[in-house]
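Chain by chain, the residues run as shown.
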Amino acid sequence: MAAVEQQQPPPPPRGELRDFVVDFFRTEVGSDLKSLKLVGALLDRLTEDTDVLETQALTASRPPGVAAALSAAEEATGRLGALLQRERRVSCLLDQHLRGARPWMDDLGQMFNHIDTIERHSRYLRCLQRVEELSAAVQQCLMTSSVWEAIGAIDNMAALHTGLKHSGCSHLQDFLRETLHFWHKIVKDRLTSDFEKVLVQLHWPVVAPPTQSLTPTAGYQETSSQLELLVSQLLALQASDDALSQRASASSSPTRTLSSCPAPVTRSPPLCLPVQVMIQPLGKRFRYHFYGSRQTNSPSKPEWYLTQVLMWIGNSTAFMEEKIQPVLDRTGTAISARVELCRGLLSLVQEKVSSDASRLLYDDVLFCHLVEEVLHFEKDLRGSHSYPAGLPGVLHLLLEDAVLQKWLTVEKKMAVEKMDAMLSTEGAWSSQYKDISDMDELKAPDCAETFMTLLQVITERYRALPSPSAQLKFLGLQRELVDDFRIRLTQVMKEESRCPLGARYCAILNAINYICTVLGDWGDNVFFLQLQQAAIALGEDLILGGLGATDIGRLASLEGSLFEGLLALLDRLKGDMMGRMLEWTMRDVAERAKPYCQDRWLSLQPQHEQSIMSLSTSACPMMLCVRDRLLNLHQVLSSALFQAAWQGLAERLDRFLYQEVILSNHFSDGGAAQLQFDMSRNLFPLFGHYCKRPENFFKHVKEACIVLCLKVGSAILLKDLLRESEESREEAGAGHPPPEAALRELGVFCLSPRDVLILLSLRASWPGR
């Protein structure tokens, strides 16, 4: 094949092939048509050449790499065939072996199952034997008064009970549990009896404030030793007691319905046995006085049993810390005796509060009183008695669905009633601090201050709740109450809108400003910021309903607050009321300013011909009106509102004087000087009591006076400059300097060049006139 490849050149391209064929026929056949008979001989010769080439290609030597590859492939094919034959033989032998071993496998499987059954029975019997041994050991120890050994055997029995927790041997579990409960009760009752006797000798329970004895009682050392021994033994019995109590609670928990379960609270460990024993006499006293038909069991007086429990905690603290805590410390247990006592007494309170709350759902007055007393109890418990925040108190009982919904309903009902009452009182729109200037900056009327105090009281009530979801429900109620109060203020404002300068109208404005101020402070309060983050984390529709993704993102980044919507509505109402008040004020000022607007500014004498400048007679009514209105607004509005009011009045008065006095008249030199004197020496000082540079709030009037009072030469130059600048701008021509620089040199920053041209045209003192 190599020889063929060397003899045969590569095929030419298609165009060259055509030319080659044409040249070949011309060479072999020629142009004579009669010579076409040579084509047959030519075809025979080409056929022979083709056969020769094929023979050469078949007989040519192969390349060494290809030959080796072909040889290796043939060998691999042979080995593969041999392996396949071997696999078929082995498979046949394996099938024959498995068919022969199948009976043996079935027999062995049955034997193993039988052995497993025997092994399980054996373990079952060994477990029973172990229980019997432990039971006999406990009995023997009790007969010989070996309490520690009996407790050890009971602990082993409890460990065996725990190991069989996931076993399917229910009868064995029941037998072991009953046996454990039997011996545990016997040991516990014996230790409890001895412990109660020792406690009686130590004057427990302490139901009255303790008095310090001067000398220890006889046998005090022996009593203390017995106390330490019994407390240690009861603590050693704790493991088996916990195992039995957990089993009992697990078997009774399915009987409770989901709707009756309170909100999730931190699960606390069981009470230690010594404290359980110590709580029993107090529990008997509690149930004797606050259950049944006793007069002390009054639904209207929950403070009786709540105060009693707090007194027991206070009176018993010294005993627990001096007598019980040292024993607990020596046993190496990380238990606080005082906290354990609080937990034990709290269990009594929790049971009583839960019972009373469900019975008082249909009595608003008694229910509210119960909630108030529970809140005070929780506060005293956490504060005065330092009960740890990580342990549940009694507030989680108020988070049950029915109780919480009732609380919200009653809270709203009473808040609405108080709003109606506070708005109907005689002094609703007067400030209680009106006679104390230092405390009356906000000038908040009594109704607004009472309303915000009401909201603050609601906040203090639900602040300590252990559930953010419940807190957010109260926050939603507060926002609803604020919106309701805003609607009520709007209704009263519409009644007073006929006299926007009246005391009640201004008091409403102060009320709105006061509420906005307090809500703004709340928006930066840590408590409400935490509620804001909780609302986002929980996705509360009550709080976040209607907000887009952008608004929720702003809340998440603490750029906004939960009161933004309410503040926007209140600000809008405040702006409308402020605008109406200023419009009414300007209407009065404009009426008094009519003579001043129609004054003969063109005929006034120049300043050098007057002996002394004085206020224009026609301006006196307007000035007096502005002064009286400012004084009145300063007296009835809060500082922030008055700041906005006088600035808004100055802005409106500046626009009015510029349009109605300056642009509506022509001025001689004397008229321009008189106008400047009236403004700078009379009007501006009226506002100078409230800022340092009042002329900055009358920019149009101040700059117009500057232009009107220019000397004639300066006025002519300025007028020519402005005209040239205007003409060059119209011609799109060329580069004259902008006139604004010249105006700034004169102190004119607000007026445009066109306005200055209009003012210059109002001057009467031009040469040639």
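Residues numbered from 1 in each chain as written. Predicted model: local features only at pLDDT ≥ 70, side-chain atom pairs only at ≥ 80, totals over all residues. Heavy atoms only, no water.

Participant: When you look at the pattern of salt bridges in this model, what are you seeing that I'm missing?
Facilitator: Side chains that carry opposite charge are capable of pairing whenever their charged atoms lie near each other. Following the criterion strictly, the structure yields 31 salt bridges and no others. A salt bridge links E340 to R343, with the nearest nitrogen and oxygen atoms 2.5 Å apart. One end of the pair is E340 and the other is R343, both in helix 11 (residues 337-359) and 3 residues apart, which spans about a single turn. Neither residue differs from the other here; E340 and R343 are each classed as buried. For E372, the salt bridge goes to R461, with nearest N and O atoms at 2.8 Å. Remark: R461 occurs in helix 14 (residues 446-462) and E372 occurs in helix 12 (residues 364-383); sequence separation between them is 89 residues. Taken together, the shared-partner salt bridges in this structure form one network comprising E119, R123 and R126. (Salt bridge = Lys/Arg side-chain N within 4 Å of Asp/Glu carboxyl O. Helix = DSSP H or I, 4+ residues; strand = E, 2+ residues; numbered from the N terminus. Buried < 20%, exposed > 50% of the residue type's maximum accessible area, 1.4 Å probe, protein only.)

Participant: How should I be thinking about a nonpolar patch on the surface in this particular structure?
Facilitator: A cluster of nonpolar side chains, contributed by L108, M111, F112 and I115, occupies part of the molecular surface with about 400 Å² of accessible area. Mapped onto the secondary structure, I115 falls in helix 4 (residues 64-143). We classify I115 as partly exposed; its relative accessible area is 46%. (Patch = residues over 30% accessible without salt bridge, like charges linked within 9 Å, V, L, I, M, F, W, Y side chains within 5 Å. Areas by Shrake-Rupley, 256 points an atom, 1.4 Å probe, with all protein chains shown as cover.)

Participant: What is the right way to look at the packing of aromatic side chains in this model?
Facilitator: How two aromatic rings sit relative to each other is set out by the distance from centre to centre and by the angle between their planes. Scanning all chains against the criterion turns up 22 aromatic pairs. Relative to F290, the ring of F286 has its centre 5.1 Å away and its plane inclined at 55°; by these criteria the two rings are tilted. Taken together, the residues F286 and F290, both in helix 9 (residues 273-290) and 4 residues apart, mark about one turn of the helix. Here F286 matches F290 in class, with each residue buried. Residues W646 and F697 carry aromatic rings whose centres are separated by 4.8 Å and whose planes lie at 70° to one another, so their mutual orientation is edge-to-face. A residue pair is termed long-range when its members are at least 10 positions apart, and W646 in helix 23 (residues 639-662) and F697 in the loop between helix 24 (669-688) and helix 25 (699-708) qualify at 51 residues. Under the relative-accessibility criterion, W646 is labelled buried at 1%. An aromatic cluster of three or more residues is present, and its members are W407, Y462, F474, W522, F527, F528 and F563. For the cation-ring pair, K352 lies above Y291, with the distance from its terminal atom to the ring centre recorded as 4.7 Å. (Phe/Tyr/Trp six-rings, centres within 6.5 Å; stacked < 30°, edge-to-face > 60°. Lys NZ or Arg CZ within 6 Å of the ring centre and 35° of its normal.)

Participant: I would appreciate a short explanation of the side chain of S316 in the present structure.
Facilitator: Tracing the backbone through its elements, the reader meets S316 in helix 10 (residues 302-331). Note on S316: relative accessible area 0%, which makes it buried. If near-sequence neighbours (up to four positions away) are discounted, S316 is found in contact with W204, V206 and L341. (Contact = heavy atoms within 4.5 Å.)

Participant: Which parts of the structure should I look at to understand the environment of T453?
Facilitator: Note on placement: T453 falls in helix 14. T453 gets classed as partly exposed once you look at its relative accessible area, which sits at 43%. Looking at T453, its side chain comes within polar contact range of the main-chain oxygen of E449, at 2.7 Å. (Polar contact = N/O pair within 3.5 Å; in protein donor to acceptor, adjacent residues only side chain to side chain.)

Participant: What exactly am I supposed to notice about helix 9 here?
Facilitator: Residues separated by three or four positions in an α-helix point in the same direction, a consequence of the helix having 3.6 residues per turn. Its 18 residues give helix 9 an end-to-end C-alpha distance of 25 Å, which sits within 8% of 26 Å, the value for a rise of 1.5 Å per residue. At Q280, helix 9 shows its maximal kink, close to 35°; a proline, P281, follows between one and four residues later. Considered for burial, the residues of helix 9 that qualify are L273, P274, V275, V277, M278, I279, L282, G283, F286 and F290. One or two steps after helix 9, the chain reaches G292, where phi turns positive at roughly 80°. (Expected span 1.5 Å × (residues − 1). Bend = angle between axes of the 7 residues up to and from the residue.)

Participant: Where do I start with the packing of helix 20 (residues 564-592) against helix 22 (residues 620-636) in this structure?
Facilitator: Relative orientation and spacing of two packed helices are given, respectively, by the angle between their axes and the distance between those axes. With their axes 8 Å apart at the nearest point, helix 20 and helix 22 run at an angle of 155° to one another. When the axes of helix 20 and helix 22 are compared, the pair comes out roughly antiparallel. Relative to helix 22, helix 20 is oriented so that their crossing is right-handed. Side by side, helix 20 and helix 22 meet where M581, T585, D588, V589 and R592 of the first sit next to P621, M622, C625, V626, R629 and L633 of the second. When its residues are assigned to classes, the contact of helix 20 with helix 22 shows 7 nonpolar, 1 polar and 3 charged. (Axes fitted to C-alpha atoms, helices over the stretch in contact; angles between N-to-C directions. Parallel < 35°, antiparallel > 145°, perpendicular 65-115°, else oblique. Left-handed = near helix turned anticlockwise from the far one by under 90°. Nonpolar A, V, L, I, M, F, W, Y, C, P; charged D, E, K, R; others polar.)

Participant: Help me understand the side chain of E373 in this model?
Facilitator: With respect to the element layout, E373 can be found in helix 12. Lacking a salt bridge, the buried E373 has K301 as its closest oppositely charged neighbour, with an N-O distance of 8.4 Å. Ignoring any residue separated from it by four or fewer positions in sequence, one finds E373 in contact with P302, E303 and L306. (Lys, Arg positive; Asp, Glu negative; His and termini not counted.)

Participant: I'm lost on the packing of helix 15 (residues 468-496) against helix 20 in this one. Help?
Facilitator: In contact at an axis separation of 10 Å, helix 15 and helix 20 are set at 15° when each is read in the N-to-C sense. As judged from the angle between their axes, helix 15 and helix 20 are roughly parallel. Where helix 15 crosses over helix 20, the handedness of that crossing is left-handed. The segment helix 15 lies against helix 20, with R479, V482, D483, R486, T490 and M493 engaging L566, L569, L570, L573, M577 and R580. Split by residue class, the contact of helix 15 with helix 20 holds 7 nonpolar, 1 polar and 4 charged.

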